[in-house]
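# Notes for the structure review
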Amino acid sequence: MRLSAIKILFFILLLSSWQIHAYNITRISSRNGLSNSEILSINKDSEGMMWFGTCDGLNMFNGIKVQVYKPSSDNNNLSGNLIEKIIETEPGVFWIYTNYGLNRFDKWRKTVDHFNDFKGKYFICKSTDNDIYIIKNDNRISYYDKKEKSFKNIDVKGIEFDRLLNFTIDSNNVLWLFDCYGHIKNYSVNKGKNNNIE
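Not measured: the values here are computed from a predicted model. (Residues numbered from 1 in each chain as written. Predicted model: local features only at pLDDT ≥ 70, side-chain atom pairs only at ≥ 80, totals over all residues. Heavy atoms only, no water.)

In terms of nonpolar packing, the biggest core is built from 17 residues, with Tyr133, Ile135, Ile141, Phe167, Leu175 and Leu177 touching the most fellow members. Where this core is concerned, the elements lending two or more residues are β9 (123-126), β10 (132-135), β11 (140-145), β13 (164-169), β14 (174-179) and β15 (184-190). Per-element accounting of this core gives the leading share, three residues, to β13. Listed in part, the twelve residues of the second largest apolar core include Phe118, Tyr122, Ile134 and Tyr144. (Core = buried A, V, L, I, M, F, W, Y, C linked by side-chain atoms within 4.5 Å. Buried < 20%, exposed > 50% of the residue type's maximum accessible area, 1.4 Å probe, protein only. Helix = DSSP H or I, 4+ residues; strand = E, 2+ residues; numbered from the N terminus.)

This is the structure:
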């Protein structure tokens, strides 16, 4: 009898030591204010807000309601309505890949910077240093220079845009290219005066 009581007590202590996490799953659609139910991209920002790129605008969900950002004639708005990718590089600063160009959206200042050189298909990623890198059909790598607030181009041998599936930059600042034939190439990204990629 005493042994079974000890087993039960041990089992209760074991269960109480585990942390129980509750998850709340909310389904949202155009009925709840989402600009379009076809989602192309999702991002959770540094404050826990959910951002959805749809076929008809950028949507921010704060857990209660949806706020929609769509292109307009206002120069301080997104350049396209198809939101392919959303990347947060600093708290409240997002890079938005649209069908009509790349936008840098600062939700605190409520400003949008347009980079219309990046229309059509391109690949974009962020490094662990929160730098933005882009590869487009000119087979060059572009990176955003934060001081000059513009993109700089780097010529790198061996990039074939038509074969590229995706690319990423790891925590050691190594840029990895993946192509449709299963080939993988890597380059070292050295930030300094020349911002070299080797």
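Having seen it, we continue.
This brings us to the sheet that holds strand β5 (residues 83-90). If you trace the four strands from one edge of the open sheet to the other, you get β5-β6-β7-β8, paired in antiparallel fashion. Sheet topology places β5 and β8 (111-115) at the edges, where each strand pairs with a single neighbour. Sheet twist, expressed as the mean angle between neighbouring strand axes with direction ignored, is 20°. Bridge count between strand β7 (residues 101-106) and β8: five bridges; the pairing is antiparallel. Note that in β8 the partner of Asp106 across the bridge is Thr111. (Pairing = 2+ DSSP bridges. Axes fitted to C-alpha atoms, helices over the stretch in contact; angles between N-to-C directions.)

Pairing analysis gives five bridges linking β14 to β15, with the strands arranged antiparallel. Across the sheet, Val174 pairs through a bridge with Ser188, a residue of β15. Counting the residues that bridge the hairpin from β14 to β15 gives four residues, and of these Gly182 lies at a positive phi of roughly 85°.

This part is about the pairing of strand β12 (residues 150-155). Strand direction decides the pairing type here: β11 and β12, joined by six bridges, are antiparallel. By the bridge assignment, Ile141 is partnered in β12 with Ile154. Linking two consecutive strands that pair antiparallel, namely β11 and β12, is a turn of four residues; a positive phi of about 55° is found at Lys149 within it.

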